[in-house]
Amino acid sequence: MKKVTIVGAGNVGATAAQLILQKDIADVCLIDVVEGLPQGKALDMMHMKSIEKFSSNITGTNEYLDTANSDIVVITAGVARKPGMTREDLIGINSKIMADVIDKAQAQSPNAIFIVVTNPLDVMTEFAYKKSGLDSSKIFGMGGVLDSARFAYEISQLTGAEVAKINAIVCGAHGQGMVCLPSQSTVDGKCILDILSDDEIATICANTVNGGAQIVEFLKTGSAFFAPGASIARMVEAIITDSKDVLSVCARCDGQYGVKDTYMCVPVKLGVAGIKEIVEFNVSDAELKALQESALSIQTQLANLNV
């Protein structure tokens with residue numbers, strides 16, 4: 001069975017671990033610097049086995065030696081947003097954590113695929129890419145899957161359609177610069193541009209962009225974790241099953257959508273070797289402009305931070 005290491009046993013990491021176990025697609029190693037935290041959560045999840053009927057196992061640890069020979073390493077470790085904080089506020093702290101994780105995880109699993117979840121996502125993924133020396137097909141970020149799920153929810157709320165009949169996609173920066181793509185989003189096969197008004201589309205796009213911040217405001221002491229955990233599990237499943245499903249992933253563009261040498265969320269085919277290819281949709285001129293502006297905001301941020 002494949003092995004997935006999740007770095008960070010907080011809410012996001014633990015939720016992702018639980019969902020991967022319930023999918024029964026891989027053994028999981030949950031690692032954290034806090035003694036007892038990953039061990040306790042892992043044991044609790046193992047107690048689910050007879051209820052959920054999965055055969056996968058999970059190990060909790062504080063030692064990177066236990067992560068050896070992982071097929072996938074998911075990095076969730078880092079400080080979560082608090083009310084009033086932006087993802088950018090987290091850079092100073094989380095870049096130090098990321099550097100330490102990359103060094104230790106790569107030493108044990110040099111052939112692993114890395115999925116970055118730590119915020120601010122686009123910056124942290126670029127940082128991890130440069131730190132790791134990996135090919136960009138093997139190191140990428142989770143963000144677009146989550147943003148697309150939030151967009152699908154907003155479309156469902158407005159139209160009353162079942163989410164299973166909705167195909168929604170969001171690209172660009174993972175944050176205020178995200179770009180909803182109405183031209184590529186459908187309800188039961190019908191483009192939402194043909195069934196919703198401009199004002200309705202503007203409203204659901206705004207709600208999508210603000211979805212994460214709204215959760216932070218509600219929780220007051222943390223940020224979202226159920227949907228992010230599910231998004232991680234969805235990406236892990238696509239890799240392990242070699243599905244080549246098209247998902248919005250924080251990937252390094254090399255000319256696609258007119259963007260070069262920049263990590264941002266774009267549609268990719270995801271499989272056992274990581275990113276098989278970046279898919280270029282026939283987006284509208286307005287959407288293309290928005291994607292390029294989003295990329296520019298990331299590039300400016302990276303330049304200012306000297307990442």
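Enquirer: Help me out: how do you make sense of the overall build of the protein chain in this one?
Expert: Looking only at helices and strands, the protein chain has ten helices and 14 strands in total. Its C-alpha atoms give the protein chain a radius of gyration of 19 Å, within 12% of the compact-globule value 19 Å for 307 residues. By principal-axis analysis of the C-alpha atoms, the protein chain measures approximately 55 × 45 × 40 Å. Looking at the protein chain as a whole, 52% of its 307 residues qualify as buried. Taking the contacts inside the protein chain whose residues are at least 6 apart along the sequence as the reference set, 68% of them involve residues at least 24 apart. Carbon together with sulfur atoms contributes 51% to the accessible area of the protein chain, which is approximately 13500 Å² in total. Between the mean site of the 25 positive side-chain charges and the mean site of the 35 negative ones, the protein chain shows a separation of 4 Å.

Enquirer: I tried to follow the side chain of Thr208 on my own but got confused; where do I start?
Expert: Mapped onto the elements of the fold, Thr208 is located in helix H7 (residues 198–209). Residue classification places Thr208 among the buried positions, given a relative accessible area of 2%. Setting aside residues up to four positions removed in sequence, Thr208 forms contacts with Asp147, Arg150, Phe151, Glu154, Val170, Met178 and Cys180.

Enquirer: Any chance you could explain the sheet that holds strand S7 (residues 166–167) here in plain terms?
Expert: Picture the strands of a sheet paired through backbone hydrogen bonds; they go either parallel or antiparallel. The three strands are arranged S7-S10-S11 in an open sheet whose pairing can be described as antiparallel. Of all strands in the sheet, those bounded by a partner on one side alone are S7 and strand S11 (190–191). Bridge count for strand S10 (residues 186–187) against S11 is two bridges, and the pairing is antiparallel. Opposite Thr186, over in S11, you have Cys191 as the bridge partner.

Enquirer: So what exactly am I meant to see when it comes to the packing of aromatic side chains here?
Expert: A ring pair, where both rings are aromatic, is described by two values, the distance of the centres and the angle of the planes. Applying the stated criterion across every chain yields a total of two aromatic pairs. Considering the side-chain rings of Phe225 and Phe226, the 4.4 Å spacing of their centres and the 40° angle between planes classify their relative orientation as tilted. Residue Phe225 is classed as buried on the basis of its relative accessible area of 19%.

Enquirer: Quick question: what am I supposed to make of the pattern of salt bridges here?
Expert: A pair can form between side chains of opposite charge whenever their charged atoms are brought close. On inspection of all chains with the given rule, the structure shows eleven salt bridges. Measuring nitrogen to oxygen at the nearest pair gives 4.0 Å for the salt bridge that ties Lys2 to Asp71. Taken together, the residues Lys2 in the segment before strand S1 (3–7) and Asp71 in the loop between strand S3 (58–61) and strand S4 (72–75) connect sequence positions 69 residues apart. What makes Asp71 partly exposed here is its relative accessible area of 30%. We note a salt bridge from Glu277 to Lys269, for which the minimum N-O separation is 3.5 Å. Linked through salt bridges whose partners overlap, the residues forming this network are Glu126, Lys130, Arg252 and Asp261.

The rules behind these values
Residues numbered from 1 in each chain as written. Predicted model: local features only at pLDDT ≥ 70, side-chain atom pairs only at ≥ 80, totals over all residues. Heavy atoms only, no water. Helix = DSSP H or I, 4+ residues; strand = E, 2+ residues; numbered from the N terminus. Rg over C-alpha atoms; globule rule 2.2 N^0.38 Å. Buried < 20%, exposed > 50% of the residue type's maximum accessible area, 1.4 Å probe, protein only. Contact = heavy atoms within 4.5 Å. Areas by Shrake-Rupley, 256 points an atom, 1.4 Å probe, with all protein chains shown as cover. Lys, Arg positive; Asp, Glu negative; His and termini not counted. Charge placed at Lys NZ, Arg CZ, Asp CG, Glu CD. Pairing = 2+ DSSP bridges. Phe/Tyr/Trp six-rings, centres within 6.5 Å; stacked < 30°, edge-to-face > 60°. Salt bridge = Lys/Arg side-chain N within 4 Å of Asp/Glu carboxyl O.

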